[in-house]
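Descriptive analysis of the structure
These are the residues of each chain, in order.
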Amino acid sequence: MIQRTIAQIAGMIPVLNDHSAFSDISIKGVSINSRTMEPGNLFVPFKGEHTDGHRFVEDALRKGAAAALWQQDVPNPPLHLPILVVEDTLKAVQQLSEAYRNELDIKVAGITGSNGKTTVKDMTARLLSLRYKVQKTEGNYNNHLGLPLTLLSLEEDTEVAVLEMGMSGFGEIEFLTKLARPDVVMITNIGESHLQDLGSRAGIAKAKLEIIEGLKDDGMIIYHGDEPLLKDRLNGYSGPAKVRSFGKGQSNSIYPVRIDQEEKGSVFQANLSDMEYHLPVLGVHNVMNALCAMEAAHFLGIPYEQMNEGFASLKLTAMRMELSEGCKGEKVINDAYNASPTSMRAAIDLVSELSGYSIKVLVLADMLELGDDEVRFHREIGQAIDPEKIDYVLTFGSLGRVIAEGAQEVFSEERVFAFSEKGPLIEKLQSLTNAETIVLFKGSRGMKLEEAAEALK
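Treat the numbers as computed from the prediction; the structure is a model and nothing was measured.

1. Some words on the pattern of salt bridges
This model, assessed by the stated rule, comprises 23 salt bridges. A salt bridge links Lys-216 to Asp-183, with the shortest nitrogen-to-oxygen separation between them at 3.2 Å. Residue Lys-216 is located in the loop between α8 (201-208) and β11 (220-224), and its partner Asp-183 is located in the loop between α6 (172-180) and β10 (184-187); the two are separated by 33 residues in the primary sequence. On the basis of relative accessible area, Asp-183 is assigned to the buried category, the value being 5%.

2. Details of the packing of aromatic side chains
Inspection of every chain in the model, using the stated rule, returns two aromatic pairs. For the pair Phe-268 and Tyr-277, a centre-to-centre distance of 5.4 Å together with 25° between the ring planes defines the contact as stacked. A single burial state applies to Phe-268 and to Tyr-277, both of which are buried. We classify Tyr-277 as buried; its relative accessible area is 1%. In this arrangement the basic side chain of Lys-206 is found over the ring face of Phe-170, its NZ or CZ atom lying 5.4 Å from the centre. The residue whose ring lies beneath Arg-376 is Phe-377, and the NZ or CZ to ring-centre distance is 4.7 Å.

3. Re the domain arrangement of the protein
Here the protein is partitioned into domain 1 (3-87), domain 2 (104-313) and domain 3 (322-455). If you average the C-alpha positions of domain 1 and of domain 2, the two centres end up 35 Å apart. Each partner contributes to the interface: domain 1 provides five residues, whereas domain 2 provides four residues. For the pair domain 1 and domain 2, the two sides together bury roughly 380 Å², of which 68% comes from carbon and sulfur. Among the residues domain 1 hides against domain 2, the three largest losses belong to Arg-4, Val-30 and Ile-32. Together they make up 74% of the total. Here domain 1 is connected to domain 2 by one salt bridge. One salt bridge in this structure joins Glu-156 and Arg-4, with 2.6 Å as the shortest N-O distance.

4. Some points on the sheet that holds strand β7 (residues 107-112)
Strand order in the open sheet formed by six strands is β8-β9-β7-β10-β11-β12, with parallel pairing between adjacent strands. Strands at the two margins of the open sheet, each flanked by one partner only, are β8 (134-136) and β12 (242-246). Within the sheet, the average angular offset between the axes of one strand and its neighbour, ignoring direction, is 15°.

5. Observations concerning the UniProt feature "domain: Mur ligase N-terminal catalytic" (unreviewed entry) in the protein
The UniProt record annotates "domain: Mur ligase N-terminal catalytic" (unreviewed entry) at residues 27-100. Along residues 27-100 the backbone is 24% helical and 20% strand, and the end-to-end C-alpha distance reaches 13 Å.

6. Some details on the sheet that holds strand β19 (residues 392-396)
Here we have six strands laid out as an open sheet, ordered β16-β17-β21-β18-β19-β20, and mixed in their pairing. One side of each edge strand has no neighbouring strand; the edge strands of this open sheet are β16 (322-325) and β20 (416-419). Pairs of neighbouring strands in the sheet enclose a mean axial angle of 15°, with direction left out of account. Summarising the sheet, β19 and β20 pair through four bridges and their orientation is parallel. For Leu-394, the partnering residue across the bridge sits in β20 and is Phe-417. Each of β18 (359-365), β19 and β20 touches helix α14 (residues 398-407); the most contacted strand, β19, lies at about 155° to it.

7. Points about the pairing of β12
One ladder, built from five bridges, connects β11 with β12; its direction is parallel. Its bridge partner being in β12, Ile-221 is matched across the sheet by Val-243. Following the chain from β11 across helix α9 (residues 228-235) to the adjacent parallel β12, one finds a crossover that is right-handed.

8. Observations regarding the side chain of Ser-340
The residue Ser-340 is located in the loop between β17 (331-334) and α12 (341-353) in this model. Taking the relative accessible area as the measure of exposure, Ser-340 reaches 0% and is therefore buried. For Ser-340, the side chain forms a polar contact with the side chain of Asn-115, separated by 2.8 Å.

The rules behind these values
- Residues numbered from 1 in each chain as written.
- Predicted model: local features only at pLDDT ≥ 70, side-chain atom pairs only at ≥ 80, totals over all residues.
- Heavy atoms only, no water.
- Salt bridge = Lys/Arg side-chain N within 4 Å of Asp/Glu carboxyl O.
- Helix = DSSP H or I, 4+ residues; strand = E, 2+ residues; numbered from the N terminus.
- Buried < 20%, exposed > 50% of the residue type's maximum accessible area, 1.4 Å probe, protein only.
- Phe/Tyr/Trp six-rings, centres within 6.5 Å; stacked < 30°, edge-to-face > 60°.
- Lys NZ or Arg CZ within 6 Å of the ring centre and 35° of its normal.
- Domains from an automatic or database assignment.
- Contact = heavy atoms within 4.5 Å.
- Buried area = accessible area lost by both parts, 1.4 Å probe.
- Pairing = 2+ DSSP bridges.
- Axes fitted to C-alpha atoms, helices over the stretch in contact; angles between N-to-C directions.
- UniProt positions renumbered as here; feature names shortened; annotations may be inferred.
- Right-handed = clockwise from strand over helix to strand, strands pointing away.
- Polar contact = N/O pair within 3.5 Å; in protein donor to acceptor, adjacent residues only side chain to side chain.

Structure below.
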């Protein structure tokens, strides 16, 4: 993490007060929360609508913070303490992270997309760790504050940073990618998340493609080549970077020639060679994520032949195709971290194609942030479920009920159930399962569907 003296910090960002009495004090790391702050941190307060972090500055310094920022328009800064007055504390963190990143001798892999960012991040980091010291975005630190904090957390001897870049509107990814200056960028796909902010899938594609704006000239663009909205735009790319695509189609740079779904993961071959890759995670969509990660890792120096070693020890962030066993021996797939129509269809397709189970149950909840067409999207999910391959559909939430209504158009009445509370849903689910059952949990993070998944254990 960043380790600099106050004098050095003042050389990296504009400081508005005399700090000479504290110039030799060293900070180690940055914290925005006085409760989780560690000794030696630079404490950064933010002025919000309902609370003001400046109230905690003196307490943070008493607890061991080495210094703190202070926003210029907040009155009464305690200038007898190691305080750096700045125009805006958020802007100062962003400026500091940019300056620090520019001092590091590091490669950066940047990832964006509607679905799969975190999975691709985990896969890419694991493959790169076969050769390099790697750090990656932790949690959801992928926005205008999270990414700067991630940059400031990088150790000086880290060789590769794998960074997620999220957004809710135009211009956000352009800002992030120009901070990070990636050597390789990955666009996992274009889905329907953020339709309410960006208006259309074409708008989402335009926003995601902003990631190229910060790419180094000798870098690489890796994108989902089965997506026409990306393919059409990147076919006309005339910039200096290399371009590679991944996907199911044989027109892509890398594509699978065989995929087998087994109980504990996926086995696949790609067009690169006869080598067989063993991925300890289920789903064809996760094979696509793996292909994306493989291309990035290969560009940064990892041979394809070594990648099985990385996949063998892969650990994905929780609630992403997480397979466990319930108390009756039933298999539980917890994919409840987030959901969009694209990712929900992929998860349903996976369960539909798995063999060896006498009962297959879907537990589906609301998909959030889909804009004006949210009802249609939910109904279409229900209508598309194949009653020949799925035995029961249970839904949770008001939009989940619309999924159930769509499913009732193709299922008999006794196989589809809609719930507005988790207690009755769990009771019904427990009555349906046995040792030969597989259950999928899928919904947006705000629905907390993992609570129902935990109840089976």
